[in-house]
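# Descriptive structure summary
Letter by letter, the chains look like this.
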Amino acid sequence: MPLLTPSTRTPRRRTPGPAARCGAALAAALLAVLLGPPAAGEAAPRPAPSADPGAVRWAVQPSGPGGPTGRNYFTYDLAPGDTVTDHVGVTNLGDRPLTFAVYGTDAYTTTDGAFALLPSDRAATDVGAWIGVERRNWTVPPGRRADIPFRLTVPRDATPGDHTGGVIAAVAQDGVTADGQRVRLDQRIAARVYLRVAGEVRPAVTVESVRVDYDTPLNPIGRADLTVTYRIRNSGNVRVGGTGAVVVGGPGGWTLSRTSPVDLPELLPGAEFTVTERVTGVPPALRLTATVDLAPTTVDTALPPVRRTASVWAPPWLLLAALAATGAWLHLRRRRRRPTSAAPSSTPGPAPVSEPPATAGPAGPAPVSEPSAAPAGPADASGAAEPPAGGTAAGAR
């Protein structure tokens, strides 16, 4: 019997007919119409244009008559009535001459804790007003630096403590906004001025308010976030910094959570700053207490810690509901098992004995008999009266 082997013939490929070729061509044309030509934005990205060689760039730094002195800020310790002369270096980093307005101004702490200087349309009233420059406008050639002298004079009635400001070099240029309006641009760069006037130094930090928000979870063993918002104020006369943390406790002083210390911004005298801390994973422990723990410092030393607390209710609702239901069930069960009191008996008891009323005779009421009078004389032991002497019991004749 011959062996049967599988066939090795390759199936013949069918060539599409004219109708199929026509349909494929129509489909390709329709797809090309729908997609359209490639968008210009889809081309390979071109490198960004180079920076404008005529861009305005400059630098400001503390300097001296012969050039920069390596200082980061202008720092002075002066007494009321003192005067000091110093220099500010303004370097033109562009390729064309620039004219700078050089003047002093006051500093302040913004609401988000940043160091800022007064805008150009606000006049200085503190250390910025004590800084005098020989003239306001200075022209600096490209690639050169001008060391501009200024004088700081402390008034005799200046208050002790820290006074902070800056020496500004500003460039004013005309510009055009996106909608075509012409505007005047005032670009400013400054070097900070830290002045401490001699006298009584009173560092102080106050926590003015603490607000606690907690979204109690329904699950008694669940967790939720607790938000603590507190506002601190520099109520002293020197600038302060430091760190702050929040401690969350439950009933009985039980510590539930503690945040890591965060750095506080530098607060100038009179400045305030609001901090918001979010503590995660706090259980509903009936009553939550958040303690703000500050560790303030000055540029010289550390200050005593400052603490303030606030509380919020965090009742575990499901647990309280279960306890209330259990208490109600036990109360009802106790009432049902309580024995009932005995009812009063209906069998009458013996009637009380009372004396019969006196009855009236035929002729009226019966006479009341009185006891007969006993004869005079002593009585013997038997109770009979002894007859008088010389007589008989029947009487004497």
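Each chain carries its own residue numbering, running from 1 in the direction its sequence is written. Selection of residues for local features in this predicted model requires a pLDDT of at least 70, selection of side-chain atom pairs for listing and counting requires 80 or more, and totals for whole chains, interfaces and linings are taken over all residues. Side-chain descriptors were evaluated using all non-hydrogen atoms of the structure, hydrogens and water having been removed beforehand.

## With respect to the overall build of the protein chain
As a reminder, the rule being used: Helix numbering and strand numbering both begin at the N terminus, where a helix is a DSSP run of H or I of at least 4 residues and a strand a DSSP run of E of at least 2. Under the scheme applied here, a residue whose accessible area is under 20% of the maximum for its type counts as buried, over 50% as exposed, and between as partly exposed, the area being computed with a 1.4 Å probe on protein chains only. Accessible areas in this description were obtained via Shrake-Rupley with a 1.4 Å probe; residue shielding takes into account the shown protein chains only.
A tally of helices and strands in the protein chain yields 2 helices and 21 strands. Buried positions account for 31% of the 397 residues belonging to the protein chain. On the protein chain, roughly 27,000 Å² of surface is accessible, and the fraction owed to carbon and sulfur atoms is 56%.

## Things to note about the pattern of salt bridges
The test is simple: A carboxyl oxygen of Asp or Glu within 4 Å of a side-chain nitrogen of Lys or Arg is what we treat as a salt bridge.
Under the defined criterion, the tally for this structure stands at 13 salt bridges. Arg196 is paired through a salt bridge with Asp162; the nearest N and O atoms lie 2.8 Å apart. In this pair, Arg196 sits in strand S11 (residues 182-197) while Asp162 sits in strand S10 (residues 161-176), placing the two residues 34 residues apart along the sequence. Overall, the relative accessible area of 15% leaves Arg196 in the buried class. According to the relative accessible area criterion, Asp162 is buried, its value standing at 10%. Glu266 is paired through a salt bridge with Arg239; the nearest N and O atoms lie 2.6 Å apart.

## As for unusual backbone geometry
If you check the backbone angles, Leu286 has positive phi at about 75 degrees while not being a glycine. Residue position: Leu286 is located in strand S18 (residues 286-298). A relative accessible area of 39% places Leu286 in the partly exposed class.

## Here's the deal with the sheet that holds strand S7 (residues 131-133)
The test is simple: One bridge is not enough; two strands pair if DSSP finds at least two bridges between them.
Strand order in the open sheet formed by 5 strands is S2-S1-S4-S9-S7, with antiparallel pairing between adjacent strands. One side of each edge strand has no neighbouring strand; the edge strands of this open sheet are strand S2 (67-68) and S7. Examined bridge by bridge, S7 and strand S9 (residues 145-153) share 3 bridges and lie antiparallel to one another. Looking at S9, one finds that Val133 is bridged to Phe150.

## Details of the environment of Arg96
Inspection of the secondary structure assignment puts Arg96 in the loop between strand S4 (83-92) and strand S5 (98-109). Residue Arg96 is classed as partly exposed on the basis of its relative accessible area of 34%. Spatially, the C-alpha atoms of Arg96 and Pro142 are 5.0 Å apart, while their sequence positions differ by 46 residues.

## Some words on the pairing of S4
Taking burial as the measure, the 10 residues of S4 include 8 buried ones, the bulk of the element. As judged from the 6 bridges shared by strand S1 (residues 58-64) and S4, these two strands associate in the antiparallel manner. By the bridge assignment for S4, Val60 is matched with Val90. Two elements, S4 and S9, share 9 bridges in a ladder whose sense is antiparallel. For Asp86, the partnering residue across the bridge sits in S9 and is Phe150.

## Let's talk about the nonpolar core
To keep things clear, this is the line we draw: The definition of a nonpolar core used throughout is a set of buried Ala, Val, Leu, Ile, Met, Phe, Trp, Tyr and Cys residues joined through side-chain atoms within 4.5 Å. The criterion used for residue contact is that any of the two residues' heavy atoms lie within 4.5 Å.
By size, the foremost hydrophobic cluster in this structure holds 31 residues, and its most contacted members are Tyr230, Leu288 and Leu294. Once you skip the residues sitting within four places of it in the chain, Leu288 turns out to touch Tyr214, Leu226, Gly249, Leu256, Val282, Pro283, Ala310, Ser311, Val312 and Ala314. Formed by 30 residues, the second largest nonpolar core is a distinct cluster that contains Val56, Val60, Val88 and Val193.

## Things to note about the side chain of Asp162
The condition that has to hold: We call two N or O atoms a polar contact when they sit within 3.5 Å, provided that within protein one can donate a hydrogen and the other can accept it, with sequence-adjacent residues counted only if both atoms are side-chain atoms.
For Asp162, the side chain forms a polar contact with the main-chain nitrogen of Arg239, separated by 2.8 Å. Apart from the residues lying within four places of it in its own chain, the contact partners of Asp162 are Leu195, Arg196, Asn237, Val238, Arg239 and Pro269.

## Here we look at the sheet that holds strand S13 (residues 224-234)
Put simply, the rule is: What counts as an axis is a line fitted to C-alpha atoms, over the stretch in contact for a helix, and the angles between N-to-C directions run from 0 to 180 degrees.
Ordered by their spatial adjacency, 3 strands build an open sheet running S12-S13-S17, and the pairing between neighbours is antiparallel. Two strands lie at the open edges of the sheet, namely strand S12 (205-214) and strand S17 (272-282), each paired on one side alone. Direction aside, neighbouring strands of the sheet carry axes that sit 20 degrees apart on average. Bridge count for S12 against S13 is 9 bridges, and the pairing is antiparallel. Looking across to S13, one finds that Arg211 is bridged to Thr229.

## Details of the packing of aromatic side chains
Filter applied, for reference: Two rings from Phe, Tyr or Trp (for Trp, the six-membered ring) form a pair when their centres are within 6.5 Å of each other. A pair whose planes differ by under 30 degrees is stacked, one over 60 is edge-to-face, and the rest are tilted. Over a ring means this: the NZ of a Lys or the CZ of an Arg is within 6 Å of the ring centre and within 35 degrees of the ring normal.
Using the criterion set out here, one finds 5 aromatic pairs in the structure. Here Phe74 and Tyr76 contribute two aromatic rings whose centre-to-centre distance is 6.4 Å and whose plane-to-plane angle is 15 degrees, an arrangement assigned as stacked. Assessed through its relative accessible area of 0%, Phe74 is described here as buried. Where Phe115 meets Tyr194, the ring centres are 6.4 Å apart and the plane angle is 55 degrees; that geometry is what we call tilted. Of this pair, Phe115 sits in strand S6 (residues 115-117) while Tyr194 sits in strand S11, placing them 79 residues apart in sequence. In this structure Phe115 comes out as partly exposed when scored by relative accessible area, which is 24%. Positioned above the aromatic ring of Tyr103, the side-chain terminus of Arg136 is 4.3 Å from the ring centre.

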